[in-house]
Structure formats: C-alpha cells, structure tokens
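# Residue-level structure breakdown
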2 protein chains.
Amino acid sequence: MLRLGSLEDAAHAIRVMQVRGAPLIGATAAYGVALGLADDASDARLAQAIETLAATRPTAVNLHWALARMQRVLQQVPQGRTALATRRDMAWNEARAIATEDKAANAAIGQHGLSLLRAKRRGDRPINVMTHCNAGRLATVEHGTALAPVYAAHAAGLPVHVWVSETRPRNQGLLTAWELAEAGVPHTLIADNAAGLLMMQGKVDLVIVGADRIAANGDTANKVGTYLKALAARAHGVPFYVAAPLSTIDFTCASGAAIPIEERAAEELGAGDVPVVNPAFDVTPADLISGIISERGIAAAGALGQWQS
Amino acid sequence: MLRLGSLEDAAHAIRVMQVRGAPLIGATAAYGVALGLADDASDARLAQAIETLAATRPTAVNLHWALARMQRVLQQVPQGRTALATRRDMAWNEARAIATEDKAANAAIGQHGLSLLRAKRRGDRPINVMTHCNAGRLATVEHGTALAPVYAAHAAGLPVHVWVSETRPRNQGLLTAWELAEAGVPHTLIADNAAGLLMMQGKVDLVIVGADRIAANGDTANKVGTYLKALAARAHGVPFYVAAPLSTIDFTCASGAAIPIEERAAEELGAGDVPVVNPAFDVTPADLISGIISERGIAAAGALGQWQS
C-alpha cells in the first residue's frame, strides 16, 4: 500500500511508475493538484503544481486532460483568504469527480465490450481474449479499460480466458496475471514474442488493449508492442479493439505522428553497458483497429468525431 | 568454456540449450555420435546414440540432418573388431566434415548477403540491420548465419549498425550483443516489442534472421517472435531475409504447418505459479520472406526446389 501525501509524492509516483495506466495517471494527477494546494492555494502555486505534474510523463494524454480540467475549474476562483480555502475544497471535489467518473466510464466500457465477447461465444469453448500490458483495475480507478469487458463477461457467467503478454521491458503482464487471478478469471502468460503464433494457430478470438492517447483520426498510442499484435490480428482476421474512456482521446492531435513517444531509461532492459533504445509506446494506425470502446459505446476508429463535444 | 566428453554431455548440452542455434546443434550432435561410439561402436550403440540425440529438441532440422548423415555413413561399416575401430574414426571424420562445411557455408552466406547490405548503402549513414535471437558465431561453428553478412560488411569497411532484439524468454539477444561488441560492430539492444515502432520510424533498412527449419515451400520456423518482425517488415516495405545453410531446408516438409513447434518449460518466463504457454518457435510464411540466403546464393522463398539435389 502506497500513500501519497504531497504533490511531490504524486509526481514521483507517476514518474517512476508506482502509478501507471493512463486513467489512473489522470486521477492521481488531479489528486496531486489538490495535495499541492494544502498550504498555499494561490494562482502561482496552482500553476507550479500543474507544471510539475505535467512534466512527469509525455504520452498518456489523460494526465494533461486531468490537469487542464483542474486548471479550468480552479482558475475561476478569485484571490482572497476565503476564496483560497474554497479553491482547496474545489480541488478535492474535482479530483473526486474525476475518479468517480473514471469508475463509471470503465463500467460502461465493460458493458459495451461484453457484447463483443458474447458474439464470439461458441458452445462451451472459452472466449479467448488477448491483451497487452495492464489495462485493468491496477491501471484505472476501478474495473479497468481493456479488462472491463473481461470482468463483465466473467460476472455474467461467460467462459472467458485471457492471453496475457509479458510486456517487456517492465513486465506489466504480471500485474494483469495477478489481478485476473484475484478475480478468478482463467489466464495464461506468454512471451510477447508468442502472440503471432497463437493467432496463426487460431487460439485468439479477439484482442482488446487499452490506450495512452488516441489521436483524432483514431491512431492509437499504447504500450510498446501493441502495434505488433495489431498487425498479427489483421493477418489472421482477429478483431482488434481499443478500450479507453473519452478522456484518452486527444482531438487536438490530428494523427499518431503527432503523439510524443516517451523514451525511458536503458536500465529497464537490465543489460548492463549494452547500448539500448527503449521507447515505452508505439502507435497502431487506425486502419488496424476494429473499433474503439468508450463509455459512449463502440465506434469505428475513423469515426471518433461523433464523440467530440 | 564447456567441454563435452560423452554422448550424454552432448545430449544434455543441446537439451538445456548450453549449445543452441540450428547449425551448432547439428555439429554438436554429429560429435555426440562420435563420442557415443568411444567404448562401443556396434550397430546397437550407434542406433541408441542417434535416438538419444534425436530426442533432445524437435524443431531445428539440422539436428536430424546431421544424425541422418552420420547414420548413412556409419551404417556402411560391417561388424567386426577392426571394422568397429574404423567406424569410430569415420565418425570423428564425418563430424569434422560437418563442422568444416558449416564454416564454409556460413562464409558463403556472408558474401551473398553482403550484396544486399551494399545495395542499402546511402552515403555515410550506417546500414541498419535488424535481427532476432542469436544467429551469429555463438549459434554456428563459425561466422554465423544471419550475422555472417553483417560481419562481411564490417570486414569490408561498410558502416553497419544492428538492432538486436532481446528475444524473450531466453534473452539470446544478449548473446548477439556480446558477440557484436567483441567484433566491434555497432549495435543497440531493444525490447522485442519495439521492433514495429522502429520500422514505422524508418530506422530499419533490412531484417536478417536465421532459421531452425525451412519447409520445401519456404515457410520458415525460427525463434518465436520472428513472425511479428516479418509482419512489421511487410507493413513498412522493409526487406526480410532468412539466412541459413542448405542443411536447414527440410524438403520432406511440405509447409510450415508440418513443422513441429517445441513447447518449453514455464520456468523460462520466471513467473512463479502463473500458468504459462511457452512455444520456442513460430512460423513465418514464405510470402513474407524477401529471400533465403544460403551457401548457394539468394533464392525466392517459393523457389527453393532449385537447391534440391
């Protein structure tokens, strides 16, 4: 159990990935702003808190979405002794709202995605879902994104089995395996490299992954390795879905080419002095994506404009 | 330094992957037969030695090719005290011949592949080769297969840089990084998951991998994860070559579907009690392969019949 007691705690937790997963990063950043205003709720302190948190990680847009939302709400408060106390309360309320909305969005994603799993049911054979990284309860406030439909299916009594890829270099697949085991959902861990063979062998009914940022045209940045799974899914006619709340869609970003890809430390590969390149994300082009599952329903990746409000 | 002093040593070394790489497995098996005949060169002992070695690993066809060659040569010797001593000598000679021919084949592969690298030269920019697993000096008797053209280019003074994928779960990429460092060839280690992004970014000029078994139609079994790289290469117009001696082509195997895929122990993923599926190889369809580089030259994957003799 990790308790974050200050702005600095929150920023550190995001930077070193004690907290990860786009939706959870967003909610943590919102609470980080509230924590940052504890002793000083001035405009200057608010701006500094937002700047500190915004600099932690570049790719997940939920971070910037949550900070922009906090700023929009909190900048409306005028200066003054009482006003600053009010700003503190408003910050906690807004952070709580972000967290509560994330739970609700993910629950809705679960129900929308459930229809896709139901459609894949063939007799008593388990529905084989492949995922990548961890887009489950440990990556969100509750339910998960990619795993929300899996949990919904399990709760509905559908037989479901999840192929969990290791997700090098940080091995977030082990988080997915852990939370699926806790929930009693059958699953099997594989090396990331095995995804293509399993699809070739007909052992995957659909792929569902989360997202760190979805561009306006549907191109999707997600944990590095996602793109390779999308290519294999296309080669074998396996549907490939991205599950994410609307807060992950960046309508200001025209296409995947404009999404910044975080380069992380060589140490993550644990190979001593060997030269390393370690991008944390890759971009899956919209045309490889069967659909985006959000709290609003399921849309073609090329038709996200319907959700812009 | 590992010294193999008996048939059992040789079989163990292949089984637990102290020795790996299809060509080196073949040569080691040949020497294993010779070692197995040290005290008893009878037909029964020969049959038992071949059976023991054949059972070590299923996918690399060089193992079976080398054992069949040893059997074909050694079964010609009639029984009798002197004859059995002759058989022992013949076994050592044949094993040495297999090793020597492997060196020569790989040197030729290096020269044929060099032409492909030369064609990718653009000014002073290094030629960026991506490989997978280890198909270098550590996987063969000498030179390597996939890395032979890289070493040939380096020796010829061409600027070359190798993208080395980690190759989970056994991390043979570290072997590749080690031997490239020893040879002074610039290289960068990546997570297997990063291969698609690098190709999307235009950072890969060509992919060269080795093979464990090539079917008559050109479908190629190689270290698991190879197929995902081939899919990404196709998506981005990056040439994808397989380098292997003729001993890796199994003309009795019509297509990739007939190649046995070894399933290895769950422990290789190091995830404790988590259920695991761990295939060691996958199959890249011939239509994703730009060409096969052997000691005879470069052929389209669908036109290997020209090399059948």
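Scroll up to find the structure this text is about.
The shown structure was predicted, so the numbers you read here are calculated from the model rather than taken from an experiment.

### Points about the packing of helix 2 (residues 22-36) of chain A against helix 3 (residues 43-54) of chain A
All names here are of chain A.
- Across the interface, helix 2 lies against helix 3 with an axial gap of 9 Å and an inter-helix angle of 145 degrees. Both helix 2 and helix 3 take part in a crossing whose hand is right-handed. In this structure, helix 2 contributes A29, G32, V33 and G36 to the contact, and helix 3 contributes R45, L46, I50 and L53.
- A per-class count over the contact of helix 2 with helix 3 returns five nonpolar, two polar and one charged.

### Notes on the relation of the copies chain B and chain A
- Superposing chain B onto chain A requires a rotation of 180 degrees together with a translation of 0.0 Å along the rotation axis, leaving an RMSD of 0.0 Å. Considering both components of the superposition, the chain copies are consistent with a two-fold axis.
- Here 100% of the contact residues of chain B are again contact residues in chain A; the copies associate through an equivalent surface.

### As for helix 3 of chain A
Residue and element names in this part refer to chain A.
- For helix 3, built from 12 residues, the straight-helix expectation of 16 Å at 1.5 Å per residue is met to within 8% by its first-to-last C-alpha distance of 16 Å.
- If you check which residues of helix 3 are buried, you get R45, L46, A49, I50 and L53. One face of helix 3 carries all of its buried residues, which in axial projection span an arc of 135 degrees. The exposed set on the far side of helix 3, more than 90 degrees from its buried face, consists of A44 and E51.
- Where helix 3 is buried, its residues contact helix 1 (7-15), helix 2, helix 4 (61-74) and helix 5 (81-119).

### A closer look at the interface of chain B and chain A
- In this assembly, 40 residues from chain B lie in contact with 40 residues from chain A.
- Between chain B and chain A, roughly 3,200 Å² of surface is buried when both sides are summed, and carbon and sulfur atoms account for 71% of that area.
- The largest share of the area that chain B buries against chain A comes from N193(B), L197(B) and L228(B), three residues that together contribute 22% of it.
- Counting across the chain B and chain A interface gives two salt bridges.
- Here R168(B) and E166(A) are joined by a salt bridge, their closest N and O atoms 2.2 Å apart.
- Where the side of chain B that touches chain A is concerned, the elements lending two or more residues are helix 7 (173-183), strand 3 (187-190), helix 8 (195-200), helix 9 (226-235) and strand 9 (281-284) of chain B.
- Here the side of chain B that touches chain A gets five residues from one element, more than from any other, and that element is helix 9 of chain B.
- Of the residues in the side of chain B that touches chain A, the class split is 28 nonpolar, eight polar and four charged.

### Some points on the environment of D273(A)
- Relative to the assigned elements, D273(A) resides in the loop between strand 8 (249-250) and strand 9 (281-284).
- Sequence separation of D273(A) and A34(A) is 239 residues, and the distance between their C-alpha atoms is 41 Å.

### Notes on the pattern of salt bridges
- Counted according to the given criterion, the structure contains 22 salt bridges over all chains.
- The salt bridge involving R69(A) is made with E94(A); its shortest N-O contact spans 2.8 Å. Placement of R69(A) in helix 4 and of E94(A) in helix 5 is noted, with a sequence separation of 25 residues between them. Note on accessibility: R69(A) and E94(A) belong to one class, buried.
- Put simply, R57(B) and E262(B) hold a salt bridge, and the shortest N to O gap is 2.9 Å. Of this pair, R57(B) sits in the loop between helix 3 (43-54) and helix 4 (61-74) while E262(B) sits in the loop between strand 8 (249-250) and strand 9, and the two are 205 residues apart along the sequence.
- A relative accessible area of 8% means that E262(B) is categorised as buried.
- Overlapping salt bridges, with partners in common, bring together R57(A), R170(A), E262(A), R264(A) and E268(A) in one network.

Cut-offs and rules
- Residues numbered from 1 in each chain as written.
- Chains lettered and ligands numbered in written order.
- Predicted model: local features only at pLDDT ≥ 70, side-chain atom pairs only at ≥ 80, totals over all residues.
- Heavy atoms only, no water.
- Axes fitted to C-alpha atoms, helices over the stretch in contact; angles between N-to-C directions.
- Helix = DSSP H or I, 4+ residues; strand = E, 2+ residues; numbered from the N terminus.
- Left-handed = near helix turned anticlockwise from the far one by under 90°.
- Contact = heavy atoms within 4.5 Å.
- Nonpolar A, V, L, I, M, F, W, Y, C, P; charged D, E, K, R; others polar.
- Least-squares fit on C-alpha atoms with pLDDT ≥ 70 in both.
- Expected span 1.5 Å × (residues − 1).
- Buried < 20%, exposed > 50% of the residue type's maximum accessible area, 1.4 Å probe, protein only.
- Arc of directions from axis to C-beta.
- Buried area = accessible area lost by both parts, 1.4 Å probe.
- Salt bridge = Lys/Arg side-chain N within 4 Å of Asp/Glu carboxyl O.

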